[in-house]
Amino acid sequence: MPRSVNSVASRARRKKVMKQAKGYFGRRKNVWTVAKNAVEKAMLYAYRDRRNKKRNFRSLWITRINAGARLHGMSYSQFMGKVKANNIELNRKVLADLAMNHPEAFKAIVDKVK
């Protein structure tokens, strides 16, 4: 019995990868093996950085809250401790937004927890 190869599916798989490599520099965009490696690596970076993005944003929010709290004579840890103790159900994202864009509202929160 002759060997059967599904060239339709193979071509489709390669086309999909080559389409993902569109816009890459040099041989990464048009040579199959190089493009395949580049796309695999890009997918790994994308997977990893979807998780890292969450860490980066949390860090940014903490920095902004710290800056806002220090304007009113408190450190970040003191402020967050008192926020939790007073059962204020605002997360870091919202507190950071208030500290940056609505300083009077943030001041009201600081005055409430002091």
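Going by what an unreviewed UniProt entry lists, the protein is known as Large ribosomal subunit protein bL20 and is assigned to Arenibacter aquaticus. Per UniProt, the protein carries the Function (unreviewed entry) text "Binds directly to 23S ribosomal RNA and is necessary for the in vitro assembly process of the 50S ribosomal subunit. It is not involved in the protein synthesizing functions of that subunit." Check the Sequence similarities (unreviewed entry) section of the UniProt entry for the protein; it says "Belongs to the bacterial ribosomal protein bL20 family."

Student: Honestly, the packing of helix H2 (residues 32–71) against helix H3 (residues 76–85) in this entry has me stumped. Any pointers?
Tutor: In a packed pair of helices, the relevant descriptors are the angle between the two axes and the axis-to-axis distance. At a minimum axis separation of 8 Å, H2 and H3 run at an interaxial angle of 95 degrees. In terms of orientation, H2 lies roughly perpendicular with respect to H3. In this structure, H2 contributes Ile62, Ile65, Asn66 and Ala69 to the contact, and H3 contributes Tyr76, Phe79 and Met80. Here the contact of H2 with H3 is composed, by residue class, of 6 nonpolar, 1 polar and no charged.

Student: Would you take a moment to explain helix H5 (residues 103–113) for this structure?
Tutor: Note that an α-helix has 3.6 residues per turn; residues three or four places apart therefore point the same way. Every buried residue of H5 is accounted for by Phe106, Ile109, Val110 and Val113. For H5, the angular spread of the buried residues around the axis is 100 degrees, confining them to a single face. Along H5, exposed side chains directed more than 90 degrees from the buried face belong to Glu104 and Lys112. Among the structural elements, H2, H3 and helix H4 (92–101) are those in contact with the buried residues of H5.

Student: Looking at this structure, I do not really get the pattern of salt bridges. What am I missing?
Tutor: The full count for this structure, using the stated rule, is 2 salt bridges. Between arginine 48 and aspartate 49 there is a salt bridge; the shortest N-O distance is 2.9 Å. The partly exposed category is assigned to aspartate 49, whose relative accessible area is 32%. The shortest N-O distance in the salt bridge between aspartate 111 and lysine 107 comes to 3.2 Å. Of this pair, aspartate 111 and lysine 107 both sit in helix H5, 4 residues apart, which is roughly one turn of the helix. The class of lysine 107 is partly exposed, set by a relative accessible area of 38%.

About the thresholds
- Residue numbers here run from 1 along each chain, matching the order of that chain's written sequence.
- Restriction of local features to residues with pLDDT of at least 70 applies here, the model being predicted, together with a cutoff of 80 or more for giving and counting side-chain atom pairs; totals for whole chains, interfaces and linings are based on all residues.
- Calculation of side-chain values draws on the structure's entire complement of heavy atoms; hydrogens and water are dropped beforehand.
- UniProt positions are given in the numbering used here, feature names are shortened, and annotations may be inferred rather than shown by experiment.
- For every element, the axis is a line fit to its C-alpha atoms; helices are fit only across the contacting stretch, and the angle between N-to-C directions ranges from 0 to 180 degrees.
- A helix here means a DSSP run of H or I that spans at least four residues, while a strand means a run of E at least two residues long, and both kinds are numbered starting from the N terminus.
- In these notes the angle categories are as follows: under 35 degrees is roughly parallel, over 145 is roughly antiparallel, 65 to 115 is roughly perpendicular, and the rest is oblique.
- We call two residues in contact when some of their heavy atoms are within 4.5 Å.
- Under the scheme applied, nonpolar residues are Ala, Val, Leu, Ile, Met, Phe, Trp, Tyr, Cys and Pro; charged residues are Asp, Glu, Lys and Arg; polar residues are all the others, including Gly.
- Three exposure classes are used, based on accessible area relative to the maximum for each residue type with a 1.4 Å probe and protein chains only: buried under 20%, partly exposed in between, and exposed over 50%.
- Within this analysis, the arc is defined by the directions that extend from the helix axis to the C-beta atoms.
- Within this document, salt bridges are pairs made up of a side-chain nitrogen of Lys or Arg and a carboxyl oxygen of Asp or Glu, the two lying within 4 Å of each other.

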